Amino acid sequence: MENPVILTLGGLTKRFGDVIANDAIDLTLHQGEVLALLGENGAGKTTLMNMLFGHYTPDAGYVEIIGEDGVAKRLPAGNAQAAIDARIGMVHQHFTLAENLSALDNILLGSESLWGIRRNRRAARAKIEGLMQDSGLIAPLDEKIGALSVGERQRIEILKALFHDARVLVLDEPTAVLTPQEADSLFLALRKMVANGLSVIFISHKLHEVLAFSDRIAVLRHGKKVGELTTADADKTQIASLMVGEETALPEREFCETGAPVFELTGVTVQRENARNSLNNVSLCVRSGEIVGVAGVSGNGQSALAQLISGLTRPDSGTVALAGDVVTAPTPKSMIKARVGRIPEDRHHDGVVGSMTVAENLVLERLGDDDVQRHGFLRKGAISDHADDLIKAYDVRGPGAQARAALLSGGNIQKLILARVLEKEPLVILANQPTRGLDFGAAGEVARRLMEARKRGAGVVLISEDLDEVLSLADRIVVMHDGELIEAGTRDRAAIGLLMAGQAA
Amino acid sequence: MMMIEPRGSISKRMQTAIPVIAAFVALALAALPLAFAGAPIFPAYWQMFIGVFGSVFSFTEMLTRATPLIFTGLAAALAFKARLWNIGAEGQLYLGAMGAVAVGTGLIDGPAVLMIPLVMLAGAAAGAAGMLGPAILKTRFGADEVVTSLLLNFIIIIFVQMMLEGPLKDPMSMGWPQSEPILDNAALPRLMDRMRIHSGLIVALVAAVIAQIALSKTTWGFKIRAVGENAAAARHAGIGVNRTLLGVACISGALAGLAGVSEVAGLKGYLTTDLSPGYGYSGIVVAMLAGLSPIGVVIAALYVASVFVGADSMSRAMGVSSFLADLVVSLSLISVLIGGFFARYRIRFTGKAGAKS
């Protein structure tokens, strides 16, 4: 027998300017059910959940929650407090915790009256400890959030929702930052809570976890609900084609002769206050014509490695060599000059100047070149022609060369950066999380371009949290953990997962 | 309920219309305190208008007032473009004036073609040095230039006082703390007989044109914009962020210094500590009104100068306080800032049950 309906979304619509992010989406959630909201990035999953939670006001449609007494109640639009009062809990993709407060304070945050004098922390602690017992989500309560791992922070977020007696829990891409093992334990805990009557909506674009964990799947594409099916009847190719609308295949990895080393780190140590930005005696050799995949959970030194290759940081000890020559004082400029192409992790923050035009962003790294300037004056015509060529060649879609780069979508900003980096035929390419947040189409394009560069003879360092991506693209896999690089020597998911968690296989 | 939503993009026409509308809104809003002061509104505004446009003299007075504002406005606009918050134009103005006085009162002598450029160069260099300090502190140690450049103003003005009581004091001044007069062949020539308008205005206009070209057409301007809009991306792309900031600091300080040169060598003839009625601070307002565009600075400076000169005339004729000028200028700035907000965002009102439709 099917459990009673607990939540109904009716015809929810949201427009941002001319873009329809959500187009009349209907959804129901039953008590004790796990509903997976599946879709590519930009399909509208997060928008939909933000309307449910009252962060956005829908342009049309309603959210209705059925109380324990069986009475349906419409939530006032755009009111997060009403959603909390209706016992909807949300765990955002980017955590909303205060780093300098303890885990306990974070959980209590917002639940206490501003005017209260006494804080009943003991009762609160007892309740949280009870919740930890029941769910299996164990986390230290007295540590400051800043000292906790990503997995622990996520548990705190979930505990926070449970502390507010959530009946419906919304999880936005909960596994994006977890190791495979951490993800498994999260799902185990959620299963336990669902058995106790909790209803869960979880947003994901990872097919395998959706199939493994959900009861029902709703697929979104371009802001519309394109399919709804029970997980038991679903199969991978069917859902994937629903998601992307057409069959897509990752590029085949053809054999490629590797050549001389183009990028070498020898015993490089970078000491920073923050362990996330430190490297500990790291050695790495990238040859021409190979893609080296750096797997690992973010925050284990990947950003230090990326900054090193970008020329933004200098090693405290050890050497960096490009094509056999030791680089003594790397700067971004010298690295660009030495034909190192850098695709930054945060493309909006480090990749483009949003308020400058697409054309200007395309020449950002080569202002000194003769075809960009003459005697210090910009050659606007040449810059504009150059932009038109690259936009065509790299299929950068948007309002055109003279539009502000900020108006492009994430995928097209990435194509812009690819165009800028690859047009110079770099010897070494750093691709740091190159497909994060991109939809299937754009991600496939990035992968194809990297393959092409590899074939041309470039050496590629691919840093990615997405193990599937590393497995499908990399010729060789190294794992980063706690500032150290370990040669994986295997393509076995489980073995690599263990290395990512810091346990020797 | 009220919702604030970003608009897609802002049209060029809207961008230029906003300050113009804001200027009129500010004048309209100023009618309120004017009425409170007991003045008849329309005659008062008429006095304000003819106070600027009523005669050749009053018009040239307005242009004379606008000259230092163009310089300090450019100083602020260029620095702000690079997100370098130079709040120290007032101090740099005095440094520039002091540089002009140091060179132009008899230290060296020569023909005007030599002396005028030298005096300007000395003032510009002194002004540049005044902003270079805060900029170095910022790039080296991360010291907030808002604080350092602002506080430096007071140090510089006290320093000027000290110099005017000491080494720079004119022995013929009968005890007044003022410098020796600028030599005739070092002074900026007057543009019209019996009017105070001087060639500093020409220099200011040329500076505005050069700044406009530099910002939009050179690699240097490109770097300034990139550093200002996204320093992280600029650094990642190999643009020398610190170098750009230091360069901008020098140019910005030099422009503020030229404001001092133009006042002392074009208008007053000697340096006192009341050389500037806050032109350095007004320059910030001018730059913001202009949306940081150099050509816009010229227009904004003319507007602010008109309000000042017009309000002076109105206060004389109507017997209301001339502080009204400050009020109109402040209201204009607020109106422009609010207007800019409405250009970027739209406000929608939704009922409590906004989800009904």
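Residues numbered from 1 in each chain as written. Chains lettered and ligands numbered in written order. Predicted model: local features only at pLDDT ≥ 70, side-chain atom pairs only at ≥ 80, totals over all residues.

1. Some details on the overall build of chain B
Short version of the rule: Elements are defined by DSSP. Helices are runs of H or I of four residues or more, strands are runs of E of two residues or more, and each kind is numbered from the N terminus. Radius of gyration here is computed from C-alpha atoms only, and the compact-globule reference equals 2.2 Å multiplied by the residue count raised to the power 0.38. Exposure classes come from backbone-placed C-beta atoms, where a residue is buried if 20 or more other C-beta atoms lie within 10 Å of its own, exposed if 12 or fewer do, and partly exposed in between. Contact definition: two residues whose C-beta atoms, as placed from backbone geometry, lie within 7 Å.
The helix and strand inventory of chain B stands at 13 helices and two strands. In terms of C-alpha radius of gyration, chain B reaches 22 Å, essentially the compact-globule figure of 21 Å for 357 residues. Viewed in the frame of its principal axes, chain B has a C-alpha envelope of about 80 × 60 × 35 Å. By the burial criterion, 49% of the 357 residues in chain B qualify as buried. Sequence-distant contacts, at least 24 apart, represent 78% of the contacts inside chain B between residues at least 6 apart.

2. Concerning the interface of chain B and chain A
In plain terms, the rule: Just so you know the grouping, Ala, Val, Leu, Ile, Met, Phe, Trp, Tyr, Cys and Pro go in nonpolar, Asp, Glu, Lys and Arg go in charged, and all remaining residues, Gly too, go in polar.
The interface is formed by 27 residues belonging to chain B together with 33 residues belonging to chain A. When contributions to the side of chain B that touches chain A are tallied by element, the ones reaching two or more residues are helix H8 (219-229) and helix H9 (231-236) of chain B. For the side of chain B that touches chain A, the element with the highest residue contribution is H8 of chain B, accounting for seven residues. Residues that form the side of chain B that touches chain A fall into these classes: 11 nonpolar, 10 polar and six charged.

3. As for the nonpolar core
To be explicit about the condition: What makes a nonpolar core is a set of buried Ala, Val, Leu, Ile, Met, Phe, Trp, Tyr and Cys residues, with links drawn between C-beta atoms within 7 Å.
Core analysis: the biggest nonpolar cluster contains 191 residues, and Val461 and Leu462 of chain A together with Leu74, Val297 and Val304 of chain B have the highest contact counts within it. When sequence neighbours within four positions are dropped, the list of residues in contact with Val297 of chain B reads Ile70, Gly73, Leu74, Ala77, Ala208, Val286, Ala287 and Ala290 of chain B. Grouped together as the second largest cluster of nonpolar side chains are 62 residues, Leu37, Leu52, Leu169 and Ala183 of chain A included.

4. Brief notes about the domain arrangement of chain A
Condition: Bear in mind that the domain bounds are from an automatic or database domain assignment.
Along its sequence, chain A is carved into domain 1 (5-244) and domain 2 (261-339 + 425-500). Measuring from the centre of the C-alpha atoms in domain 1 of chain A to the corresponding centre in domain 2 of chain A gives 34 Å.

5. Focus on the sheet that holds strand E13 (residues 291-295) of chain A
Residue and element names in this part refer to chain A. Threshold: At least two DSSP bridges between two strands are needed for those strands to be called paired. Axis lines are fitted to C-alpha atoms, over the contacting stretch for helices. Their N-to-C directions set the angle, which ranges from 0 to 180 degrees.
With respect to topology, six strands assemble into an open sheet ordered E16-E19-E20-E13-E21-E22, the strand pairing being mixed. Since the sheet does not close on itself, it has two edges, and those belong to strand E16 (340-343) and strand E22 (484-487), each with one partner. Direction aside, neighbouring strands of the sheet carry axes that sit 20° apart on average. Of the strand pairs in this sheet, E16 and strand E19 (residues 428-432) are connected by four bridges, and their pairing is parallel. The residue bridging Ile343 from the neighbouring strand is Ala431, located in E19. Against the sheet, helix H14 (residues 410-422) contacts E16 and E19, and its axis sits at roughly 175° relative to E16.

6. Digging into the environment of Asn196 of chain A
Checked against the element boundaries, Asn196 of chain A lands in the loop between helix H6 (180-195) and strand E8 (199-204). Between the alpha carbons of Asn196 of chain A and Asp134 of chain A there is a distance of 8.9 Å; along the sequence they are 62 residues apart.

7. Thoughts on the pairing of strand E10 (residues 224-230) of chain A
Residues and elements named next belong to chain A. One ladder, built from six bridges, connects strand E9 (residues 216-221) with E10; its direction is antiparallel. By the bridge assignment for E10, Arg216 is matched with Thr230. The hairpin formed by E9 and E10 contains two residues between the paired strands, and His222 there has a positive phi angle of roughly 45°.

8. Let's talk about the sheet that holds strand E15 (residues 325-327) of chain A
Residues and elements named next belong to chain A. Taken in spatial order, the four strands line up as E12-E11-E14-E15 in an open sheet, and their pairing is antiparallel. Taken across any chain shown, the strands that pair with only one partner, and hence form the sheet edges, are strand E12 (279-287) and E15. Between one strand axis and the next, the sheet turns by 25° as a mean value, whatever way the strands run. Sheet analysis places strand E11 (residues 261-270) next to E12, joined by six bridges and oriented antiparallel. In the strand pairing of E12, Leu265 is matched with Leu284. Along the sheet, helix H9 (residues 302-310) makes contact with E11, E12 and strand E14 (317-322), crossing E11 at roughly 125°.

9. Section: helix H1 (residues 45-52) of chain A
All names here are of chain A. Most of H1 is tucked away: eight of the eight residues are buried. The set of residues buried in H1 consists of Lys45, Thr46, Thr47, Leu48, Met49, Asn50, Met51 and Leu52. A positive backbone phi angle near 85° is found at Gly54, which sits one or two residues after H1.

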